[in-house]
Amino acid sequence: PPAGQPPAPLTVDVMTDLSCPLAYLGLKRLSAAIASLGLDATAARLRFHPVFVNPLMDPDGEEMGAYMLRRRNLSLAEYNDAAYPLNVAAAALNFSYAKGRRVIHPRRAHLAVAAAAERDRAPLYAALARAYFEEGEDISDVAVLLRVAAALGVERDELRLRRAMDGA
């Protein structure tokens, strides 16, 4: 850019699944990398695009223990163990995955993010991911989605969010 002008914002397109713990780990690493460069949300814009890693997941989700045993041949105790590689990576980034969360189908959560105003999408995505992975919230539940959105001041878009999630 010409002298005295700020550089053009960096746009990062993130293909992600709101129910994938590896995707959340990647988001945490990406956020740390952006912060280490001294960039903020105005200098580095994240755009999230939904990818359904497990599109056949039951809309009601599944208990984590049964899911891990079926999909990874791991007991819930093994999956929650601090030595499990995913948990080691999370600890290195100063967070831990909620132990009691269910595996959810992320369709409604992705629709909520897409229905939010452009400026609210990245913060809403991050808040929903944190609510699910760190707090164990069921972000496939419309009431939870609306509560998380309202906490960010997105309640003015509630009608649009509700319409986007109808039938999801």
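Residues numbered from 1 in each chain as written. Predicted model: local features only at pLDDT ≥ 70, side-chain atom pairs only at ≥ 80, totals over all residues. Heavy atoms only, no water.

Colleague: Describe in detail the overall build of the protein chain, supporting the description with residues and values.
Modeller: In terms of helices and strands, the protein chain carries eight helices and two strands. Its helices and strands in sequence order give the protein chain the pattern β-α-β-α-α-α-α-α-α-α, from N to C terminus. Here the protein chain has a C-alpha radius of gyration of 17 Å; the compact-globule value for 168 residues is 15 Å, and the two agree. Projected onto its principal axes, the C-alpha coordinates of the protein chain cover approximately 60 × 40 × 25 Å. (Helix = DSSP H or I, 4+ residues; strand = E, 2+ residues; numbered from the N terminus. Rg over C-alpha atoms; globule rule 2.2 N^0.38 Å.)

Colleague: Could you give an account of the packing of helix 1 (residues 21–36) against helix 6 (residues 118–133), with specific residues and numbers?
Modeller: Packing of helix 1 against helix 6 brings their axes to within 11 Å, and their N-to-C directions diverge by 125°. Relative to helix 6, helix 1 is oriented oblique. Helix 1 and helix 6 meet at a crossing whose hand is left-handed. Of the residues in helix 6, those touching helix 1 at Pro21, Tyr24 and Leu27 are Tyr125, Ala129, Arg130 and Phe133. (Axes fitted to C-alpha atoms, helices over the stretch in contact; angles between N-to-C directions. Parallel < 35°, antiparallel > 145°, perpendicular 65-115°, else oblique. Left-handed = near helix turned anticlockwise from the far one by under 90°. Contact = heavy atoms within 4.5 Å.)

Colleague: Break down the environment of Leu146 for me, citing the residues and quoting the values.
Modeller: Turning to its location among the elements, Leu146 is positioned in helix 7 (residues 142–151). Taking the C-alpha atoms as reference points, Leu146 and Arg119, 27 residues apart in sequence, are found 17 Å from one another.

Colleague: Residue-level account of the pairing of strand 1 (residues 10–16), with values.
Modeller: Alignment of strand 1 against strand 2 (residues 44–50), held across seven bridges, turns out to be parallel. Paired with Leu10 across the strands is Ala44, a residue of strand 2. Taken together, strand 1, helix 1 and strand 2 constitute a β-α-β crossover, and its handedness is right-handed. (Pairing = 2+ DSSP bridges. Right-handed = clockwise from strand over helix to strand, strands pointing away.)

Colleague: Any chance you could break down the environment of Asn94 for me, citing the residues and the numbers?
Modeller: Along the chain, the position of Asn94 falls in the loop between helix 4 (85–92) and helix 5 (107–115). Assessed through its relative accessible area of 75%, Asn94 is described here as exposed. Taking the C-alpha atoms as reference points, Asn94 and Lys28, 66 residues apart in sequence, are found 9.8 Å from one another. (Buried < 20%, exposed > 50% of the residue type's maximum accessible area, 1.4 Å probe, protein only.)

Colleague: Residue-level account of the environment of Glu62, with values.
Modeller: Along the polypeptide, Glu62 turns up in the loop between strand 2 and helix 2 (64–72). Sequence spacing of Glu62 and His105 is 43 residues, and the spatial spacing of their C-alpha atoms is 8.9 Å. Once residues within four sequence positions are removed from consideration, Glu62 is found in contact with Met57, Tyr67, Arg70, Arg102 and Val103.

Colleague: Please set out the nonpolar core residue by residue, giving values where relevant.
Modeller: By size, the foremost hydrophobic cluster in this structure holds 41 residues, and its most contacted members are Leu18, Tyr97, Leu128 and Ile139. If you list the elements that add at least two residues to this core, you get strand 1, helix 1, strand 2, helix 2, helix 4, helix 5, helix 6 and helix 7. The element best represented in this core is helix 6, accounting for eight residues. (Core = buried A, V, L, I, M, F, W, Y, C linked by side-chain atoms within 4.5 Å.)

Colleague: How would you sum up unusual backbone geometry? Please name residues and give values.
Modeller: Positive phi is not limited to glycine here, since Asn73 has a value of about 55°. Examined against the element boundaries, Asn73 turns out to sit in the loop between helix 2 and helix 3 (76–80). For Asn73, a relative accessible area of 62% puts it in the exposed group. Its identity is not glycine, yet Asn94 carries a phi of approximately 65°, on the positive side.

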